[in-house]
Amino acid sequence: MRIYLTIKEFGGGPKAFALFTLRSERYRIFGKVEAFIDTGSPDTTLGMKDIRTLHIPIKSLPAGAISYVAGSTTRLRSLGNVILYFKDENNEPVKIDFPKIYVAEPLEHDEKTLRIFSTIPSMIGTDFLLFNKFSFYFNPSERVAYLKSLI
Amino acid sequence: MKNMIQELEMINEMEQDNKWLVSNYEEIRRKYENKFIAIKDKNIIASNPTLEGIIKDLKEKGENPSFVLIEFIHKKDFKIIL
């Protein structure tokens, strides 16, 4: 099974974005998310755009580790278990019950940091690839990228 | 089953709007550089320099920001190392 990804420019170069829906029963959250595959990130993390549009109650989430995103200090908070839907190569829905997704709260509150931070998309980290036993194919020159299930 | 169909439709909408964005990116960048834009059904339905601003604009138009594609249009020379 393959999940094809959309290649878009971000931050000066092409990135492979997954398009999916996210549902949290616990926090009554539902909406669209796009997140690029970031093999440099250990954790799947929602960015400020999705935090705001999905109305995620960031301050009420349990605080986790300090992390660094684009050179800025952030605190990760766990949204816990979420249900994600993707689409496979046959246009069939792929349901993934993902045990832990994070939101990144910036700890530096100067205007420049907050402005840049608000433009950074959500990120799919290596935790997601490992949990689902996905391999990641990325060929930017041919504009082809996908996640492939190894199961 | 109903949920699955709804969610598949949402993903297909996102895919179509993203394809439209990618194929019109240079023109969109000329008009909306350094702004957030909201895309629905291959149309830009709102733009604003700030995230909070575009969310407010969408709500005023009766749109749910959770169901609309929102993008920030960076300057051409913007680079970021994550």
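Since the model is a prediction, treat every value here as computed from it, not as a measurement. (Residues numbered from 1 in each chain as written. Chains lettered and ligands numbered in written order. Predicted model: local features only at pLDDT ≥ 70, side-chain atom pairs only at ≥ 80, totals over all residues.)

Peer 1: I keep staring at the overall build of chain B and nothing clicks. Help me out?
Peer 2: Secondary structure assignment for chain B yields three helices and three strands. Traced from its N-terminal end to its C-terminal end, chain B shows the element sequence α-α-β-β-α-β. The principal-axis extents of the C-alpha atoms in chain B amount to approximately 45 × 25 × 25 Å. The buried share of chain B, reckoned over its 82 residues, is 28%. (Helix = DSSP H or I, 4+ residues; strand = E, 2+ residues; numbered from the N terminus. Buried ≥ 20, exposed ≤ 12 C-beta atoms within 10 Å, placed from the backbone.)

Peer 1: Could you clarify how one ought to interpret the overall build of chain A in this entry?
Peer 2: Scanning chain A for helices and strands turns up three helices and 11 strands. Written out in order from the N terminus, the α and β elements of chain A read β-β-β-β-β-α-β-β-β-α-β-α-β-β. Taking 15 Å as the expected radius of gyration for a compact globule of 151 residues, we find that chain A reaches 15 Å, a close match to that expectation. For chain A, the spread of C-alpha atoms along the principal axes amounts to about 45 × 35 × 25 Å. In chain A, once contacts between residues fewer than 6 apart in sequence are set aside, the share between residues at least 24 apart is 59%. (Rg over C-alpha atoms; globule rule 2.2 N^0.38 Å. Contact = placed C-beta atoms within 7 Å.)

Peer 1: Any chance you could explain the environment of alanine 16 of chain A here in plain terms?
Peer 2: Residues and elements named next belong to chain A. For alanine 16, the location among the structural elements is in strand β3 (residues 13-24). In the structure, alanine 16 is positioned 20 residues away from phenylalanine 36 in sequence and 5.3 Å away in space, judged by C-alpha atoms. Apart from residues no more than four positions distant in its own chain, alanine 16 is found in contact with Leu5, Ile7, Phe36, Ile37, Phe138 and Ala145.

Peer 1: Any chance you could explain the nonpolar core here in plain terms?
Peer 2: Side chains of nonpolar character tend, in soluble globular proteins, to be buried together. If you look at the biggest cluster of nonpolar residues, it comprises 53 residues, and the most contacted ones within it are Leu5, Ala18 and Phe20 of chain A together with Ala38 and Ile54 of chain B. Top contributing element to this core by residue count: β3 of chain A, with six residues. Residue contacts for alanine 38 of chain B: discarding those within four places in its chain leaves Ile44, Ile45, Ala46, Ile54, Leu58, Val68, Leu69 and Ile70 of chain B. (Core = buried A, V, L, I, M, F, W, Y, C linked by C-beta atoms within 7 Å.)

Peer 1: Help me understand the confidence of the model for chain B, please; the structure alone is not making it clear to me.
Peer 2: Residues shown with low pLDDT carry predicted positions that ought not to be read at fine detail. Residue and element names in this part refer to chain B. Confidence along chain B averages 94 in pLDDT terms, with 98% of residues attaining 70 or more. No element of chain B has a lower mean pLDDT than helix α1 (residues 2-23), at 92, and none a higher one than strand β2 (residues 43-48), at 98. Reported confidence for the predicted complex is 0.92 by ipTM and 0.94 by pTM. (pLDDT = per-residue confidence, 0-100.)

Peer 1: What's the story with the interface of chain B and chain A in this structure? I'm lost.
Peer 2: Many descriptions give the size of an interface as the accessible area lost when the pieces come together. Chain B puts 21 residues into the contact, and the matching count from chain A is 25 residues. When contributions to the side of chain B that touches chain A are tallied by element, the ones reaching two or more residues are α1, α3 (51-60) and β3 (69-73) of chain B. Of all the elements, α1 of chain B adds the most residues to the side of chain B that touches chain A, at nine residues. For the side of chain B that touches chain A, the residue count by class is 15 nonpolar, three polar and three charged. (Nonpolar A, V, L, I, M, F, W, Y, C, P; charged D, E, K, R; others polar.)

Peer 1: Would you take a moment to explain unusual backbone geometry for this structure?
Peer 2: Negative phi is the rule for most residues except glycine; trans is the rule for most peptide bonds. Residue and element names in this part refer to chain A. Of note, the phi angle at arginine 28 is positive, near 55°, even though the residue is not glycine. Along the chain, the position of arginine 28 falls in the loop between β3 and β4 (29-37). Overall, arginine 28 belongs to the exposed group, with 9 C-beta atoms counted inside 10 Å. Located in the positive-phi region is alanine 70, a residue other than glycine, with phi close to 50°.

Peer 1: Please explain the pairing of β2 of chain B as it appears in this structure.
Peer 2: The side chains of a regular strand alternate, residue by residue, between the two faces of the sheet. By the bridge criterion, five bridges tie strand β1 (residues 35-40) of chain B to β2 of chain B in an arrangement that is antiparallel. Looking at the pairing, alanine 38 of chain B lines up with alanine 46 of chain B of β2 of chain B. (Pairing = 2+ DSSP bridges.)

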